[in-house]
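So you can see what is in the structure, the chains are spelled out below.
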Amino acid sequence: QAQLVESGGGLVQPGGSLRLSCAASRSIFSINTMGWYRQAPGKQRELVAVISRGGSTNYADFVEGRFTISRDYAKNTVYLQMNSLKPEDTDVYYCNAEVRPTEWSTWRDYWGQGTQVTISS
């Protein structure tokens, strides 16, 4: 099994910044794509940003150059630097990773527990 642990959410004013972190279990055999999604109450979870094992990135249109996704391969960690935050960015943010926990496992998706991001003055 694998585990994803998120941190870095909180309350900031409009225009402010936050950095989310998501650390996967150190004992994982291999990780492919990692990413961040967000979900508001009563709405579907939506993609924010993803980064492939090779480092290619993809962002949702609403990011508009404000967010940067990165990963530390040695630490099995993915980050989301969020700048110029807007009230509409308020959501629960979830980390996702395509993981192969052991060399005998198949690839499967894992999710973090979610971290609340609130943008308000």
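Look above for the structure.
Model, not experiment: these values are computed from the prediction. (Residues numbered from 1 in each chain as written. Predicted model: local features only at pLDDT ≥ 70, side-chain atom pairs only at ≥ 80, totals over all residues. Heavy atoms only, no water.)

K.L.:
Sorry, what's going on with the pattern of salt bridges here?
P.N.:
Two side chains of opposite charge can pair, provided their charged atoms sit close to one another. Under the counting rule described, the total for this entry stands at five salt bridges. Asp89 serves as the salt-bridge partner of Arg38, at 3.0 Å between the closest nitrogen and oxygen. Remark: Asp89 occurs in the loop between β8 (77–82) and β9 (91–100) and Arg38 occurs in strand β4 (residues 30–39); sequence separation between them is 51 residues. With relative accessibility at 6%, the residue Arg38 sits in the buried group. The salt bridge partner of Asp91 is Arg38, with a shortest N-O separation of 3.3 Å. Taken together, the residues span a long stretch of sequence, with Asp91 in strand β9 and Arg38 in strand β4 at a distance of 53 residues. The burial state of Asp91 is the same as that of Arg38; both residues are buried. Several salt bridges converge on common partners, so that one network encompasses Arg38, Glu46, Arg66, Asp89 and Asp91. (Salt bridge = Lys/Arg side-chain N within 4 Å of Asp/Glu carboxyl O. Helix = DSSP H or I, 4+ residues; strand = E, 2+ residues; numbered from the N terminus. Buried < 20%, exposed > 50% of the residue type's maximum accessible area, 1.4 Å probe, protein only.)

K.L.:
Can you help me understand the state of the cysteines in this one?
P.N.:
In protein structure, a disulfide is the covalent linkage between the sulfur atoms of two cysteines. This model, assessed by the stated rule, comprises one disulfide. Between the sulfur of Cys22 and that of Cys95 lies a disulfide, 2.0 Å long from S to S. Taking the sign of the S-S torsion, about -80° here, the bridge from Cys22 to Cys95 comes out left-handed. Here Cys22, found in strand β3 (residues 18–24), pairs with Cys95, found in strand β9; they are 73 residues apart in sequence, far enough to count as distant. With respect to burial, Cys22 and Cys95 carry one shared label: buried. (Disulfide = S-S within 2.5 Å.)

K.L.:
Which parts of the structure should I look at to understand the pairing of β8?
P.N.:
Consecutive side chains along a regular strand alternate between the two faces of the sheet. Summarising burial for β8: five of the six residues are buried, a large majority. Relative to β8, β3 is paired through six bridges, and the arrangement is antiparallel. Counted as the bridge partner of Ser21 is Tyr79 from β8. Of the strand pairs in this sheet, strand β7 (residues 67–72) and β8 are connected by six bridges, and their pairing is antiparallel. From the neighbouring strand, Phe67 faces β8, where its bridge partner is Met82. (Pairing = 2+ DSSP bridges.)

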